Amino acid sequence: MSNILFRCDKLTKKFGAVTAIDSVSFELEDGEIRALIGPNGAGKTTLFNLLTGRLDPTAGDVYFREESITNLSPESIVEKGVARSFQITNIFNEFEVVENVQVSLVARDGQGWDVLHNMSGLKRYHDEAMEILERVGLDEKYNHPAKSLSHGEKRALELAIVLARDPEVLLLDEPTAGMSQVEIDELLELITSLANEFTILIVEHNMDVVMTVAETVMVLHNGQFLAEGTPETIQRDETVRDAYLGGEV
Ligand SMILES: Nc1ncnc2c1ncn2[C@@H]1O[C@H](COP(=O)(O)OP(=O)(O)OP(=O)(O)O)[C@@H](O)[C@H]1O
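Residues numbered from 1 in each chain as written. Predicted model: local features only at pLDDT ≥ 70, side-chain atom pairs only at ≥ 80, totals over all residues.

Named according to an unreviewed UniProt entry, the protein chain is Probable branched-chain amino acid transport ATP-binding protein LivG originating from Halosolutus amylolyticus. Under the UniProt heading Sequence similarities (unreviewed entry), the note attached to the protein chain is "Belongs to the ABC transporter superfamily." For the record of the protein chain, the UniProt heading Function (unreviewed entry) holds the text "Probable component of a branched-chain amino-acid transport system." (UniProt positions renumbered as here; feature names shortened; annotations may be inferred.)

Okay, here's the thing in structure tokens:
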């Protein structure tokens, strides 16, 4: 069996006159930890949206395990094993921490979710949800309302929600945005612990984070594929430096 997890073939997305993704082709192999970087407006979020079905491409195709997922719905793509973090926008703030994970487990099992009728149905997912919370270091706060968590803890809860969907690949969209250095260090430890088990594609602006977690780095610029290589190679790459204002990479 091929060990290629994602394959994009001349993927293109236009928004009117703007070509946000311009004929991008790449492959992501099983078990890789790859960072996707690029200056503001390079097309990183658009590419994530194309990989996860939130946007349909103008042209080109996306394959997951060599099966076309072009134009599939986001939920169908999650069911295939592609999970994406959304910068804590998919947390139910009024729910307890553990309930957030339970809801995700209900969705994994393809059961309808209706807050009014299914609250008691969540209980049978309690133990499994607690195991996931332990992995992300939130088990002691299981019965706290999600809204009481710190920003870093919310990002960890979001990862727990994603893990509950039993994914093969994690797409992490700027996971360290807005975090303190202490929170970043904790999250890095968590991501590193997940790296043995999952393929990870991470959009990240913080180059220290990229250097710490990524095995390979892929650079987008003006919607085009600019470079790919080890973090060290990318840091030395003149075209990459030029693409960033002030050569900050
Ligand atoms: N829904 C949209 N409608 C019109 N233009 C869009 C839309 N989404 C993105 N764009 C444009 O596509 C280009 C790529 O945007 P995108 O958000 O993917 O970049 P990015 O690399 O994620 O940027 P950032 O690092 O600032 O988040 C930009 O020029 C942006 O203005």
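Caption draft 1: Summary view of the overall build of the protein chain. Scanning the protein chain for helices and strands turns up 10 helices and 10 strands. Taking 249 residues into account, the globule formula puts the C-alpha radius of gyration at 18 Å, and the protein chain, at 18 Å, falls close to it. With the C-alpha coordinates of the protein chain rotated into their principal frame, the extents come out at 55 × 40 × 40 Å. Expressed as a percentage of the 249 residues in the protein chain, the buried residues total 39%. (Helix = DSSP H or I, 4+ residues; strand = E, 2+ residues; numbered from the N terminus. Rg over C-alpha atoms; globule rule 2.2 N^0.38 Å. Buried ≥ 20, exposed ≤ 12 C-beta atoms within 10 Å, placed from the backbone.)

Caption draft 2: Focus on the site of the ligand. Lining the immediate environment of the ligand, one finds Phe15, Val18, Ala20, Gly38, Asn40, Gly41, Ala42, Gly43, Lys44, Thr45 and Thr46. Residue assignment for the shell around the ligand shows that the elements contributing at least two residues are β2 (18-29) and α1 (44-51). Element by element, the count of residues in the shell around the ligand is highest for α1, at 3 residues. Here the residues of the shell around the ligand sort into 4 nonpolar, 6 polar and 1 charged. (Near = placed C-beta within 6 Å. Nonpolar A, V, L, I, M, F, W, Y, C, P; charged D, E, K, R; others polar.)

Caption draft 3: Representation of the packing of helix α3 (residues 97-108) against helix α5 (residues 126-135) in the model. In the contact formed by α3 and α5, the axes pass within 9 Å of each other and the chain directions differ by 110°. The angle between α3 and α5 falls in the class roughly perpendicular. Regarding α3 and α5, the two cross each other, and that crossing is right-handed. Contacts between α3 and α5 involve Val97, Val98, Val101, Gln102 and Leu105 from the former and His126, Glu128, Ala129, Met130, Ile132 and Leu133 from the latter. (Axes fitted to C-alpha atoms, helices over the stretch in contact; angles between N-to-C directions. Parallel < 35°, antiparallel > 145°, perpendicular 65-115°, else oblique. Left-handed = near helix turned anticlockwise from the far one by under 90°. Contact = placed C-beta atoms within 7 Å.)

Caption draft 4: The arrangement of the nonpolar core in detail. Among the nonpolar cores identified, the biggest contains 67 residues, and Leu36, Val101, Leu133, Leu157, Ala160 and Ile202 are the most heavily contacted of them. Looking at this core, the element that brings in the most residues is helix α6 (residues 151-163), giving 7 residues. Look past the residues within four positions of Leu133 in its chain and what remains in contact with it is Val97, Val98, Val101, Leu138, Asp139, Tyr142 and Ala160. (Core = buried A, V, L, I, M, F, W, Y, C linked by C-beta atoms within 7 Å.)

Caption draft 5: The sheet that holds strand β4 (residues 59-64), seen in detail. Spatially, β2-β1-β4-β5 is the arrangement adopted by the 4 strands of the open sheet, whose pairing is antiparallel. The open sheet has two free edges, formed respectively by β2 and β5 (67-68), since each of these has just one partner strand. In this structure, strand β1 (residues 4-15) lies alongside β4, joined through 5 bridges in antiparallel fashion. The residue of β4 that forms the bridge with Arg7 is Tyr63. Sitting on the sheet, α1 touches β1, β2 and β4, and the angle it makes with β2 is about 60°. (Pairing = 2+ DSSP bridges.)

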